[in-house]
Amino acid sequence: MERYLLKEDIWWVGAIDWNMRDFHGFETPRGTTYNSYLITDQKVTLVDGVRSGFASETLRRISTCCDPRDIDYLVVNHVEMDHSGALPELIRRASPVKVFCSKRAKDALAIFYAEEGFGDWDINVVGTGDEIVLGRYTLTFLEVPMLHWPDSMLTYVKEAKVLLANDGFGQHLATSKRFADEVDMAIVMDEAAKYYGNILMPFGNQVQKLLKTVGDMGLELDIVAPSHGVIWRRPEDIEAIVRCYSEWSSFEARPSVALIFDTMWHSTEKMTRAIEDGIAQEGVECSVIKLSKTPLAEAARAVQTCRAFLVGTPTVNNGMLPSVGAFMTYIKGLRPKQRLVGAYGSFGWGGGGVKQVDAGLRELGLDVIDPLEFKYVPSSEDLVACEEYGREVARRVKAWEV
Ligand code: FEO
């Protein structure tokens, strides 16, 4: 079983989940990894565990570096089950071991694993700025509450300048390579953006605070090692992903538009095509996402990366189409900011779908353009109006009037 060296005595010993396709509700077509890091210092330390069912893979990798019983310390940066699921088995195999985690992590672990031995675990609470000396290496802890759970924490290996970033800077990407520079960077960045959009979008303020804290603490970053996907080690790649996080967390976006819609009898689809044409006439990039054909995760990514998104729906039972409803529910939770948005679509008699979407968009507190809707089937004149609607959206996007 292969293990991978990050720096002297710092190893990746995680697990690769090639089959993961649904990660707490969003689609992960490229699988994922659960990254666990082993530091074979005087105090042998394992930072982060893996998902339940992957303990044996990680234990086999650990065994290529040391006997699991030689592990002295176990750091739990985050309790979500993709990292803590295998803890009971890892602790049992490493025992006796000291566990280091935040106060909130301790409280959560007590609930998660009450019946799996938690009462016997040697839990040591740490907080921001606390350090433990392993020998040649020192671990510094940095709590990052709500990035993305209350318990979340990062671990910095001071002398090695390695940031074990847990859910930060990750991607859901299963690969036989461990470092970002070993795989297609376009795929890595695409997955990093999707990961951010679907997991971290609501926590922009916390991301900004983290980036500031890293700067204030003067943390040098030779390696940024997330708990999912590939590891960032080239200076230019670290700079690129940190810059992306800075932009994403402040909701900077390309001058582009996403049309996110669904359709029953193609009337809303015809409107979509005409609006897209109008946007293109102004030279603005536009992507079209049909919700019944596209994973929600892609729609969320578009919201994150485009300055504007319009939501199209026909009316069914006086409301929006269920697939559009799912999107509106999802995006409400992701809390996008600084976006121009609008609702459009068709109706048969009483209407209601576009009105619902328009109301939902206004609840988000975004810059809303007035809705556009037509009865039954859009006429040629209606489609001309759709084109003008698209041109107007594009002009506002170019002027960044959001
Ligand atoms: Fe990778 Fe929040 O778990």
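Quick note: structure is the one above.
Below you will find a few notes about this structure. (Residues numbered from 1 in each chain as written. Predicted model: local features only at pLDDT ≥ 70, side-chain atom pairs only at ≥ 80, totals over all residues. Heavy atoms only, no water.)

**Regarding empty space enclosed by the protein**
Item 1. Within the structure shown, the criterion is met by two cavities of 30 Å³ or more.
Item 2. Lining of the largest cavity is provided by Val144, Leu147, Leu154, Ala165, Asp167, Gly168, Leu200, Val207, Leu210 and Tyr245.
Item 3. Residue composition of the lining of the largest cavity, by class: eight nonpolar, one polar and one charged.
Item 4. What the second largest cavity holds in volume is close to 30 Å³.
Item 5. If you trace the second largest cavity, you find it lined by Leu46, Leu59, Pro68, Ile71, Leu74, Leu90, Arg93 and Ala94.
Item 6. With three residues, helix H3 (residues 87–94) is the single largest residue contributor to the lining of the second largest cavity. (1 Å grid on protein atoms, 1.4 Å probe; cavity = no way out; pocket = protein on both sides within 12 Å on 5 of 7 lines; lining within 4 Å. Points joined across faces, edges and corners; volume = space filled by probe spheres on them. Nonpolar A, V, L, I, M, F, W, Y, C, P; charged D, E, K, R; others polar. Helix = DSSP H or I, 4+ residues; strand = E, 2+ residues; numbered from the N terminus.)

**A look at unusual backbone geometry**
Glycine aside, a negative phi is what most residues show, and trans is what most peptide bonds show.
Item 1. Look at the link from Ser95 to Pro96: it is a cis peptide, with omega at -5°.
Item 2. By the element assignment, Pro96 lies in the loop between H3 and strand E10 (98–101).
Item 3. Although it is not a glycine, Lys161 sits at a positive phi angle of roughly 60°.
Item 4. Along the chain, Lys161 falls in the loop between strand E14 (153–157) and strand E15 (162–166).
Item 5. Given the relative accessible area of 26%, Lys161 is considered partly exposed. (Buried < 20%, exposed > 50% of the residue type's maximum accessible area, 1.4 Å probe, protein only.)

**Side note on the layout of surface pockets**
Summary: where empty space remains is shown by rolling a probe the size of a single water molecule over the atoms.
Item 1. Looking at the largest pocket, its volume works out to about 300 Å³.
Item 2. Lining the largest pocket are 17 residues, with Met264, Thr315, Phe347, Gly348 and Trp349 sitting closest to its centre.
Item 3. Broken down by secondary-structure element, the contributors of at least two residues to the lining of the largest pocket are helix H8 (267–281), strand E20 (315–316) and strand E22 (340–347).
Item 4. Here the residues of the lining of the largest pocket are counted per class, giving eight nonpolar, nine polar and no charged.
Item 5. What the second largest pocket holds in volume is close to 180 Å³.
Item 6. Lining the second largest pocket, in full, are Pro88, Ile91, Arg92, Ser95, Pro96, Val97, Val99, Glu116, Gly117, Asp120, Trp121 and Asp122.
Item 7. No other element matches the three residues that H3 contributes to the lining of the second largest pocket.

**Observations regarding the pairing of strand E7 (residues 37–40)**
Item 1. Burial along E7 is two-sided: the face carrying Tyr37 and Ile39 and the face carrying Leu38 and Thr40 are both buried.
Item 2. As defined by bridge partners, strand E2 (residues 10–12) adjoins E7 across three bridges and the pair is classed as antiparallel. Bridge pairing in E7 links Trp11 to Leu38.
Item 3. Bridge analysis of E7 against strand E8 (residues 44–47) gives four bridges, and the strand direction is antiparallel. Paired with Leu38 across the two strands is Leu46, which belongs to E8.
Item 4. The turn linking E7 back onto E8 is made up of three residues. (Pairing = 2+ DSSP bridges.)

**Section: the sheet that holds strand E11 (residues 122–125)**
Item 1. Within the open sheet, the seven strands sit side by side as E1-E2-E7-E8-E9-E10-E11. Their pairing is mixed. The open sheet is flanked by strand E1 (4–7) and E11, the only strands paired with a single partner. Strand-to-strand, the axes of this sheet are offset by a mean angle of 25°, without reference to chain direction.
Item 2. Relative to E10, strand E9 (residues 73–75) runs parallel, the two sharing three bridges. Within E10, the residue paired with Tyr73 across the bridge is Lys98. (Axes fitted to C-alpha atoms, helices over the stretch in contact; angles between N-to-C directions.)

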